[in-house]
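Below, each chain spelled out in residue letters.
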Amino acid sequence: MFGSWKNGVSTYDPVWVKTDLNRFPRAQNKRGNNLDILSPLSENARNADARAFAALMKHLRAIDSAQGTVLMIQAENEAGVRPESRDLSPGARAAWMRPCRRN
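Worth saying up front: this structure is predicted, and the values here are computed from it rather than measured.

J.: Sorry if this is basic, but what is going on with the overall build of the protein here?
T.: The secondary structure content of the protein amounts to 3 helices and 2 strands. Sequence-ordered secondary structure for the protein, helices as α and strands as β, is α-β-β-α-α. Computed over the C-alpha atoms, the radius of gyration of the protein is 16 Å, more than 25% above the 13 Å expected from 2.2 N^0.38 for a compact globule of 103 residues. Structurally, the protein occupies a C-alpha span of about 55 × 40 × 20 Å along its principal axes. Buried residues in the protein amount to 26% of all 103 residues. Counted over contacts in the protein with a minimum sequence separation of 6, partners at least 24 positions apart contribute 54%. Element-wise, carbon and sulfur atoms account for 54% of the exposed surface of the protein, whose accessible area totals about 7700 Å².

J.: How should the side chain of S39 be read in this particular structure?
T.: Tracing the sequence through the fold places S39 in the loop between β2 (34-38) and α2 (43-64). When neighbours within four sequence positions are excluded, S39 is seen to be in contact with W5, P25, R26, A27 and D87.

J.: Looking at this model, I keep getting lost on α2. Mind explaining?
T.: One full turn of an α-helix is made of 3.6 residues, so residues set three or four places apart face in the same direction. Under the 1.5 Å per step criterion, the end-to-end length of α2 is 31 Å for 22 residues, consistent within 8% with the ideal 32 Å. By the burial criterion, the buried members of α2 are A45, A48, D49, A52, L60 and D64. Angular distribution of buried residues about the axis of α2 spans 110°; they occupy a single face of the element. Exposed and facing more than 90 degrees away from the buried side of α2 are E43, R46, R51, K58, R61 and A62. Against β2 lie the buried residues of α2.

Cut-offs applied
- Residues numbered from 1 in each chain as written.
- Predicted model: local features only at pLDDT ≥ 70, side-chain atom pairs only at ≥ 80, totals over all residues.
- Heavy atoms only, no water.
- Helix = DSSP H or I, 4+ residues; strand = E, 2+ residues; numbered from the N terminus.
- Rg over C-alpha atoms; globule rule 2.2 N^0.38 Å.
- Buried < 20%, exposed > 50% of the residue type's maximum accessible area, 1.4 Å probe, protein only.
- Contact = heavy atoms within 4.5 Å.
- Areas by Shrake-Rupley, 256 points an atom, 1.4 Å probe, with all protein chains shown as cover.
- Expected span 1.5 Å × (residues − 1).
- Arc of directions from axis to C-beta.

Below, the structure written as structure tokens:
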């Protein structure tokens, strides 16, 4: 996958992600409707992004280690939930209400 959010929405996710709502749940609005945005609480989305990002880094090392032309990688881009202020699904509401743990 890689790139769950772009400009606050999930338009660039592949079809296999967009169509599997059980594996990749969506953020919801206050009415309980799914948005075109992956839930930021989805472990499957996070893990898929991490695998894809690691594969990209491995590929860059393989093709650019001698020249060193890649100077920087931006690891995230405008994660968010639009037009809502946040994911309002039942799971997200429960997480929002839990007390913060301090280290």
